[in-house]
Amino acid sequence: MSRRRWASPAAALLAGLGALNLADAAGVVGRGAVPDLARAGFAAVVLFGVCGFGITRLFLPAGLRSREWLWVLPVGACVCALVMTVLGFAYVPFELNLALTLAGGAVLAVVAVRRVPGGVLGSGGVPALRRAGWPFYVALLLACVALIPLFRAGFATVGGEGQDAHLAVGSAIFLQHHYPTAEAVEEPVDRMPLVWRSKQPIYYALGATATLAGLEVFQTISTLAAVLLALSALGFYLFTREVLQAPRWVGLVAMGLVGLDRMVLHTIMHPYFNQTWGFFAMPFAFVLAWWVVKERTRGGVGLLVAFTAVLAFAYPLALPIPMIPILILLWPERRRVRPWLRGLWRGPRSLLWMVPVGFVALVPIRGVVEKGASAYNVVFNPTRTLRNWGGDLTGYFPEPWFLGMDEWWFFVAMIPVLGSGIWLAVRELPRGLRNGLLGVIAFAIVFGIWFRIREFGFYFHFKTLAFIAPIALVLAIAGLARARAAWVGPTAAVVLLLSAFGSANDELARTFDQLPKHVLALRSIDDALPPGRSIRLDVDPQEQNWVAFMLHGQPLCSQRPLLNTSYPHVPISRRADFILTKNDAPRPADAVGAPVRRLEAFTLWRARPGLPGPSRCSQKMVQTIERVTT
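## Points about the overall build of the chain
A count of helices and strands for the chain gives 24 helices and five strands. Over its C-alpha atoms the chain spans a radius of gyration of 25 Å, differing by no more than 12% from the 25 Å that the globule rule assigns to 630 residues. Principal-axis analysis of the C-alpha atoms places the extent of the chain at approximately 80 × 65 × 55 Å. For the chain, restricting intrachain contacts to residue pairs at least 6 apart in sequence, the fraction spanning at least 24 positions comes to 74%. Per element, the accessible surface of the chain, about 26500 Å² overall, is 63% carbon and sulfur.

## Considering the environment of G419
Position of G419 among the secondary structure elements: in helix α18 (residues 408–426). Here G419 falls in the partly exposed class, since its relative accessible area comes to 36%. Sequence-wise, G419 and L480 are 61 residues apart; in three dimensions their C-alpha atoms are separated by 9.8 Å.

## Comments concerning the sheet that holds strand β3 (residues 578–582)
Strand order in the open sheet made by the five strands is β2-β1-β3-β5-β4, with mixed pairing throughout. A strand with exactly one partner marks an edge of an open sheet, and here the two such strands are β2 (556–557) and β4 (591–598). Relative to strand β5 (residues 602–607), β3 is paired through five bridges, and the arrangement is antiparallel. Its bridge partner being in β5, K582 is matched across the sheet by F602.

## Some thoughts on unusual backbone geometry
A positive phi angle is found at Q245, which is not glycine, with a value near 55°. Mapped onto the elements of the fold, Q245 is located in the loop between α10 (217–243) and α11 (248–259). Phi is positive for N564, close to 60°, though the residue is something other than glycine. Mapped onto the elements of the fold, N564 is located in the loop between β2 and β3.

## Some thoughts on a nonpolar patch on the surface
Residues L13, L17 and L20 make up a contiguous nonpolar surface patch of roughly 320 Å² in combined accessible area. Note on L17: relative accessible area 47%, which makes it partly exposed.

## Looking at the pattern of salt bridges
Applying the stated rule across the entire model yields 14 salt bridges. A salt bridge links E183 to K620, with the nearest nitrogen and oxygen atoms 3.5 Å apart. Here E183 is found in the loop between α8 (164–177) and α9 (200–213), whereas its partner K620 is found in the segment after β5, with 437 residues between them in sequence. A relative accessible area of 43% places K620 in the partly exposed class. A single salt-bridge network, built from bridges that share partners, covers R536, D538, R574, D590 and R608.

## What to know about the state of the cysteines
Each disulfide is one covalent bond, formed between the sulfur atoms of two cysteines. Counted by the stated rule, this structure contains one disulfide. Residue C557 pairs covalently with C617 via a disulfide, S to S 2.1 Å. Separated by 60 residues along the polypeptide, C557 in strand β2 and C617 in the segment after β5 bring together distant segments of the chain. The exposure classification of C557 matches that of C617, with both residues buried. With no disulfide partner, C51 has as its closest neighbouring cysteine sulfur the one in C80, 4.6 Å distant. Overall, C51 belongs to the buried group, its relative accessible area being 3%.

Cut-offs used in this document
Residues numbered from 1 in each chain as written. Predicted model: local features only at pLDDT ≥ 70, side-chain atom pairs only at ≥ 80, totals over all residues. Heavy atoms only, no water. Helix = DSSP H or I, 4+ residues; strand = E, 2+ residues; numbered from the N terminus. Rg over C-alpha atoms; globule rule 2.2 N^0.38 Å. Contact = heavy atoms within 4.5 Å. Areas by Shrake-Rupley, 256 points an atom, 1.4 Å probe, with all protein chains shown as cover. Buried < 20%, exposed > 50% of the residue type's maximum accessible area, 1.4 Å probe, protein only. Pairing = 2+ DSSP bridges. Patch = residues over 30% accessible without salt bridge, like charges linked within 9 Å, V, L, I, M, F, W, Y side chains within 5 Å. Salt bridge = Lys/Arg side-chain N within 4 Å of Asp/Glu carboxyl O. Disulfide = S-S within 2.5 Å.

Next comes the structure, spelled out in structure tokens:
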């Protein structure tokens, strides 16, 4: 067997062993979580595959068809999210909505196979499918790496520490049973959060994945986030190959650098679900924006709009990042775009689709505008505080972490190397493309510094660099691979991958599950009590989000609820029927008699009758944000 034929199996084995080493170092033992995680992952692949195959085959520009298989799942994710949102706002019940979305995808797949030459495999045939093997393999490994905290936990649950996760899970449950703008106090999240008014598409997709898998939403969210990481890596592979015209090995290295980037993993694993969807859509928007300039087709424009819309709805604050190259690329083409836009109007009959689309998009678009306007007014006005924009963060992440590095000395030493690589990557690109990509890097530098010097700027600092630092890494390795000395590219790839590997290892070591079995066990209390029996939560306010989530079937309250955040919280009250404490807490002064129920980590006590004051316990949560200010 020749050395060249040995190279691919050896590289595949090395990559697999690297992933296993990360799992072993993190302390993974046993396979308890594998069945449910695999089930959720398979459901996501089936859902996105059915929704994406026909659209991809019919709409993808001809110049991108050689890697068509890498587009199917990402396109399907966007189509599923957007179509289910349209049907949801059109009052279609969730299960029928999902069935219609899958049926429509299947019908389009049949139409595409019949209309486009090449049958199921397409014009590329078996060779095209083989070419997709390596990117799919690397993407699978990266998804497994992101799930290591759950493999270690031994069951499918919510990973990380991000407090948004309880709202994410609750929002998907809400949309499974209710109209997007409704209110339902019987649910753990009784309405779509006001500041998430634009995010229905991604939670329809989450609810659909959980339904198709036959799992609860909390068992599904982290797996879907890992799938989105894999799809993001495919997007950067396509960006490297189609836009930067780099060889295959560079594209695969780029996937590894992005997927093992510490802050990318942090985003996925904790999980910042809204940000994850925005990050996923970004590289595909870059590729399609460039291709709309090179080879403008209605299908290409439609796909660009779909990916950009998903990014905007999921994470409006990230919209300026893809819009920088999109606007720079399309501005010289504006005169050619106008006739195309005018062509959308074909007389009064166009109202048949414009009016319904405008109606169902009104609420999400309003959410995007509100979020963008409120952020704009605090970002560009240094006299306005960023205190309310801290999210669940309390400080800054070190800048080296965003580039897959742990040590400042290494970061400082690599800055000139990365800067040289970025210039080598863009210097021979067409002017508009070069300026667009450099504009994104300049955006990161300027606003990274701006938010560093602003008090409470750590939230925007994290978001800005988490989106753009991976782009810088990909540009750098693509440029270094073009260096005159042939050894520069491979050497830089090894050094950067080893650094990313070590940094990812550190992140995995400190990331665990945020919804352990002892919190899930609280549902047994909710099930055992008759409806309407109020419970006072005498637990740490920081733990109340998931505790209240699991006990949502009863009226809840607390003497010390979680305040000064954007999260809904339980009402303030002393009087209740029962009191919940942690097992290591002292007996409550307001309790009477022996414990009613003792679980692994919690104890339920009967409250003493006649406690002072009225009982304000309620299933309805107290909303801390009633309107979005600009």
